[in-house]
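For reference, the chains in residue letters:
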Amino acid sequence: MKPTATTAGIELRAGTFETICDALDYAAEGNSGVNFYHSDGRLMNSLTYGELRNNALGMAGQLAAAFARESRIGLVAETSADFVTAFMACQYAGMVPAPLSLPAAFGGRKIYERQVGQMVRQAGLAALMTPASVRDIINSALSGTSVRVVDMSGSDLPSGTALALRHGANDLSYIQFSSGCTSQPKGIVATQASVSANCRAIIQEGLQVVEGDRAVSWLPLYHDMGLVGFFIAPLYSQLSIDFLSPSDFARRPGTWLKLISENRGTLSYSPSFGYELCARRYRGEVLDLSSWRAAGIGGDMVRSEALSAFTQTFAPSGFDPSAFVSSYGLAEATLAVSFAPLRAGLRTDDIDLARMQTSGRALPASDLTFEGTARRFVSSGRPLPSLDLRIVNDNDEALGDRQVGRIIVRGPSIAAGYFRVNEPLQPLTNEDGWLETGDLGYWNEDELVITGRSKDLILWNGRNIWPQDIEGVAQEAGGRNIARSAAFDVQDENGAIKILLLAECRSRDEAVRAELRRDISAATRAATGAPVSVEFVAIRSLPTTSSGKLSRAAARIGFLAGDFVPQRQGNVVAGTLGA
Amino acid sequence: MCNVQDSHVFENVSKILKAHAHADILITPDVRISADLEIDSVEIFDIVMEIEDIYDISFPVEVASSIDTVRDLVETIGQLTNV
């Protein structure tokens, strides 16, 4: 078997399509396509876009016979030819696919089953298509529901077909479960128009795709960066894609680089931690990374230290640090919002964090900056020309250079709304079309710098973790010994995120408290997959808002200012911001 | 299986887990890998890879997600190496 060609053999059409089906119809005329690799780098499966289209059209007829048009179909998003075929079959059949994640290793099954149950209920799925490998888990998650479970290959769909009516330019496209806490996941509805607008912007304005480009990706296909950035956008520009699954990447990150090296990949993205993992696990394999012209970073705060380590390790293999493209985006805007200028590498800005906390201005660090309070931010580049982006204060007034405020965006890439079955779509924007991104940032001349989240959401290694989830689990694990609790993140001077839970503890008995701390720590870790430091504080000491609601933001500021005298000796996690 | 603790596999697995664990607790068959040893989801993959390399096996997704305790892990390795 050979991977599909880099040269499609047809004229490059840079994203000028109205629907995903139109994009595949055109790409199907060429020789490029999608390739799926094993963790050791062996090619497992390869489809030209023509073959993908034929297979998808076949399945679309079966779907049309089995389900009403616009039915929502869950797809467990393993990285496979079956998944992309089923996704495209839904587009050709006028169905709305909802990609779902896969369970995590070691203790992930129970939480996963609960999540799947919630997403299925919320999206009102008619069916869930799953690979055989997790079918038992899916069956168990859906026991007691009427949702049909179908093999991802479509092999157990009824063989009869009906006329498939594809999505038109004004139709929906897919539901992306993205932000939202576990107890209330949010399904973002992308439309053909929003996807097409964002893909065109990525291709023409962001990455400036040219003939000879080739995409390589290990990103999960249930995430916007994987699904839109590295399946739909390359499809909209007829590029071949080499896929490695996220779990195979995590096991053998070197295979990602090997694919770029061997297939002369030019476009590939990862959150910072992916680059870090590659550097950490490198064992001296021979690589040639000189073809890689856009090494994108997105999905979480860009950490320049992690990327420097990558450059140091792989410059001898031909990696050029000017290939780094820091980007910013969110699923509510389909995917991309801003890109750093190409071939310019990372632009960093060293800021006095303490002054930023008190004055709201991001001023460059100087000799007067206290030790440990300087923080290096990486610029996320310029907003896509097809989007409006503003940084505003609490009165919604646009802010100038170096003033920190809320980032809001407007434009054709904004998704249609949040979906809940039997309810009207909940809009994402205000009346004037502005979307609150939930992120904070400032302008450094004409470039956007993201400083953090204005919402309470915790971003940990590319994953969204909701504080309510941590607090809920802590409550369950701690029982009546725990009153209220507040979870939030603090950053160390390298920008690494630490998750902290302040919990009001009723017991003063050291033995009881030690056991509580262990139990809560174990439970929160099991629920989130992330380490959570538990600190006990006095009853009624956590701050509330004027309406009596717990204020995590105030708790965080109080913690950093040293307001909470820890109720035990030693080993207190110290914040570094303004503390 | 009642002899998990005496097995070679247990000994090897304990060594690997100990190197990654953040919590300083004795590794017994009933210890939960992620929750009790305070190992996060990124590190879990380091462990998966090490074990797969040593035993020349591959954990199917479904099997890996159902592993919770050290005992589960040792027994799964036993099953995968006996195939």
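Residues numbered from 1 in each chain as written. Chains lettered and ligands numbered in written order. Predicted model: local features only at pLDDT ≥ 70, side-chain atom pairs only at ≥ 80, totals over all residues.

The name an unreviewed UniProt entry gives chain B is Acyl carrier protein, with Hyphomonas johnsonii MHS-2 as the organism.

Per an unreviewed UniProt entry, the recorded name for chain A is Putative AMP binding protein, and the organism is Hyphomonas johnsonii MHS-2.

This part covers the nonpolar core. Residues and elements named next belong to chain A. Residues Leu24, Ala60, Leu63, Leu75, Ala89 and Ile232 are the most contacted members of the largest nonpolar core, which totals 175 residues. With ten residues, helix 3 (residues 81-93) is the largest single contributor of residues to this core. If you count residues domain by domain, this core takes at least three from each of domain 1 (20-337) and domain 2 (347-412 + 432-453). Excluding residues that lie within four positions of it along the chain, Ala60 makes contacts with Ala89, Tyr92, Ala93 and Ala164. Listed in part, the 33 residues of the second largest apolar core include Ile465, Ile499, Cys505 and Ala530. (Core = buried A, V, L, I, M, F, W, Y, C linked by C-beta atoms within 7 Å. Buried ≥ 20, exposed ≤ 12 C-beta atoms within 10 Å, placed from the backbone. Helix = DSSP H or I, 4+ residues; strand = E, 2+ residues; numbered from the N terminus. Domains from an automatic or database assignment. Contact = placed C-beta atoms within 7 Å.)

Contacts between the two partners involve 24 residues from chain B and, on the opposite side, 25 residues from chain A. Those elements that place two or more of their residues in the side of chain B that touches chain A are helix 2 (33-36), helix 3 (41-55) and helix 4 (61-66) of chain B. Of the residues assigned to the side of chain B that touches chain A, the class counts are twelve nonpolar, five polar and seven charged. (Nonpolar A, V, L, I, M, F, W, Y, C, P; charged D, E, K, R; others polar.)

What follows covers the packing of helix 1 (residues 20-27) of chain A against helix 2 (residues 49-66) of chain A. All names here are of chain A. Put simply, helix 1 and helix 2 touch, their axes get as near as 8 Å, and they point 130° apart. Of the possible angle classes, the one that applies to helix 1 and helix 2 is oblique. Contacts between helix 1 and helix 2 involve Leu24, Asp25 and Ala27 from the first element and Tyr49, Leu52 and Arg53 from the second. Taken together, the residues of the contact of helix 1 with helix 2 sort by class into four nonpolar, no polar and two charged. (Axes fitted to C-alpha atoms, helices over the stretch in contact; angles between N-to-C directions. Parallel < 35°, antiparallel > 145°, perpendicular 65-115°, else oblique.)

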